[in-house]
Structure formats: C-alpha cells, structure tokens
Amino acid sequence: MTDQIEQDKRRPDTEKNILRRLIQVSLSIIITLIILLVSAGIIKWIYAWLYTLASVLVIITNAFIFPTELISERGRKKENVEKWDKIITGIIIIPWYTLYIIAGLDIRFGWSPELASWIHITALITFILGNALVSWAMIANNYFSTKVRIQYDRGHTVSSGGPYRYMRHPGYLGMIIFLLSTPILLGSFWALIPAIMTVILLIIRTSFEDDTLKNKLEGYQEYPDTVKYRLISGIW
C-alpha cells in the first residue's frame, strides 16, 4: 500500500486531478444552493444556508484529512468504468437534484407544515454523521472512487479496515443517511419522495458493485465470508 501511495504521488497528473476535484465539488455546492434559492424564491432561507455551510465544512475537513492520492483518483478521468454504472449514475442525478427543486418549491408554496427547530437540528446532526461515515469509508479505502471500476492502474486491493470491518459498503450507508436527513433539514416532507428514489438507486448500485467486485477483484470472493452484510448488519 505504501508503494502504491508513493507511486500515486509521483503521477504527473496528480495536482491537475486534485484541482479538478475541488472545482467539481465547489460547483456542485454552488449549483445546489442556486437551485434551492431559486426554487424557494427567497434568499433568507436559513436552513438552505445551514445545509450549504455544513456541506462546505465537510469538504474543507475532507481536504485536510484525505490522502492526496484519494482526492486525485476522485478527480481523475476514469478508464474501464462498468457500463451499468454509467447508466445508474446517469439516472441517479435526476432524483438527486429533483430533491432540491421540490424542497425549494415546498418552501415557496408551503406544502409541508412548519417543523420545530429541534427537528431541523436533529436532521443537521444526522446529515453530518452520514457524511462522517462516508469520510471514514474513504479514509479506510484508498480506492474509493466516484465510478465503479477495478483500478488495475493503481494496484486495486480489497479494503477491510475501518468501517469495512462491519459492512462491505459503508460509504453507501453514509450517503443514504445524509440523503434521507436532507429533506427534513430543509423542512420539506415532499422532498423525501425523490430522496427515497435516490436511495433505491443507491441500493441497486450497491448490489451491482458488490457482484462486480466478487467477479473481478482478486481477494474479494473471500471477503463476504468475514463481513456478511452489504449495508446493515442482520438485514442486507
């Protein structure tokens, strides 16, 4: 693993990939905020700004704690991406961003009842915890990519430390947690509909990815014997 990290650091495109990734996540936050505020028709939407601030703090924290080679991989133009993953990720972006549109329209037209402050704060804490689980999974898995692919170019191996000792896909569980908490944080019950649709697609992606790793990643065939569940212990 150490040799692979040193090799990644020496890649001539590492700095370019890191910059590309920073631009990607920055644009994502800006676009999300614009969608929320335009849909709501107001600027003074405290929970939209709180959501954005929490997202920015997560990104800043990750920038300091993530290894450079992990950030570089997430910003790299991907090769040998699974065809099914291109389809799923192409679809998943639709309900993901629809969530923000509906949340904004909900605030504009008052479809959902006003929630107590403690409910918003609880959702915020859950949102942060979900992101923390994703970050933990990324730190424990040097091959945590934005696309499903066997990283032959980086000496891809099975990751079994950190949260991977308890579930095979902790990153997806973290995403599911923060996705389901987002509508409540923003104060929209109706936005739970696209959030749940996104979660269903993530579960499908989890299943396909697990099968891909079993078939193509050396050593992964034995991993389910040690860690039996994909997302939630005792369930699946």
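Residues numbered from 1 in each chain as written. Predicted model: local features only at pLDDT ≥ 70, side-chain atom pairs only at ≥ 80, totals over all residues. Heavy atoms only, no water.

**Structural notes on the overall build of the protein chain**
Tallying secondary structure elements over the protein chain gives 9 helices and 0 strands in all. Reading the secondary structure of the protein chain in the N-to-C direction produces α-α-α-α-α-α-α-α-α. Taking 18 Å as the expected radius of gyration for a compact globule of 236 residues, we find that the protein chain reaches 18 Å, a close match to that expectation. With respect to the three principal axes, the spread of C-alpha positions in the protein chain is 55 × 40 × 30 Å. Taking all 236 residues of the protein chain together, 49% fall into the buried category. Once local pairs closer than 6 in sequence are excluded, the contacts in the protein chain between residues at least 24 apart make up 81%. Split by element, the accessible area of the protein chain, about 12,300 Å² in all, is 67% carbon and sulfur. Mean positive and mean negative side-chain charge positions of the protein chain (24 and 19 charges, respectively) differ by 5 Å. (Helix = DSSP H or I, 4+ residues; strand = E, 2+ residues; numbered from the N terminus. Rg over C-alpha atoms; globule rule 2.2 N^0.38 Å. Buried < 20%, exposed > 50% of the residue type's maximum accessible area, 1.4 Å probe, protein only. Contact = heavy atoms within 4.5 Å. Areas by Shrake-Rupley, 256 points an atom, 1.4 Å probe, with all protein chains shown as cover. Lys, Arg positive; Asp, Glu negative; His and termini not counted. Charge placed at Lys NZ, Arg CZ, Asp CG, Glu CD.)

**Things to note about a nonpolar patch on the surface**
On the surface, a nonpolar cluster with roughly 640 Å² of combined accessible area is contributed by Leu19, Ile23, Leu27, Ile30, Ile31, Ile34 and Val38. Take Ile31: it is sitting in helix H2 (residues 14-40). With a relative accessible area of 41%, Ile31 lands in the partly exposed category. (Patch = residues over 30% accessible without salt bridge, like charges linked within 9 Å, V, L, I, M, F, W, Y side chains within 5 Å. Salt bridge = Lys/Arg side-chain N within 4 Å of Asp/Glu carboxyl O.)

**Details of the confidence of the model for the protein chain**
The predicted coordinates of low-pLDDT regions are not to be read in fine detail. Averaged over all residues, the pLDDT of the protein chain equals 91, while 95% of them reach at least 70. Least confident of the elements in the protein chain is helix H1 (residues 2-10), whose mean pLDDT is 48; most confident is helix H7 (residues 170-186), at 97. Here residues 1-6 scores under 50 on pLDDT; set against residues more than four positions off or in separate chains, the count is 9 contacts. (pLDDT = per-residue confidence, 0-100.)

**Digging into the packing of helix H5 (residues 83-109) against H7**
Across the interface, H5 lies against H7 with an axial gap of 10 Å and an inter-helix angle of 15 degrees. Taken together, the axes of H5 and H7 lie roughly parallel to each other. Seen along the crossing, H5 lies across H7 with a hand that is right-handed. Contacts between H5 and H7 pair Trp96, Leu99, Tyr100, Ala103 and Ile107 from the former with Phe178, Leu179, Thr182, Pro183 and Leu186 from the latter. Considered class by class, the residues forming the contact of H5 with H7 number 9 nonpolar, 1 polar and no charged. (Axes fitted to C-alpha atoms, helices over the stretch in contact; angles between N-to-C directions. Parallel < 35°, antiparallel > 145°, perpendicular 65-115°, else oblique. Left-handed = near helix turned anticlockwise from the far one by under 90°. Nonpolar A, V, L, I, M, F, W, Y, C, P; charged D, E, K, R; others polar.)

**Here's the deal with the nonpolar core**
Of all hydrophobic cores here, the largest spans 53 residues; its most connected members are Leu36, Trp45 and Leu186. Within the residue set of this core, elements represented by two or more residues are H2, helix H3 (46-65), helix H4 (68-75), H5, helix H6 (117-140), H7 and helix H8 (192-216). When residues of this core are assigned to their parent elements, the largest contribution, 9 residues, is made by H7. (Core = buried A, V, L, I, M, F, W, Y, C linked by side-chain atoms within 4.5 Å.)

**Remarks on the pattern of salt bridges**
Tallying each qualifying case throughout the model produces 8 salt bridges. Measuring nitrogen to oxygen at the nearest pair gives 2.8 Å for the salt bridge that ties Glu73 to Arg76. When its relative accessible area of 9% is taken as the criterion, Arg76 is described as buried. For Asp210, the salt bridge goes to Lys214, with nearest N and O atoms at 3.4 Å. With a gap of 4 residues between them, Asp210 and Lys214 both fall in helix H8, about one helical turn apart. Classification of Asp210 as buried rests on a relative accessible area of 0%. By relative accessible area, which is 27% here, Lys214 ends up partly exposed. Via salt bridges that share partners, Glu73, Arg76, Arg149 and Asp153 belong to a single interconnected network.

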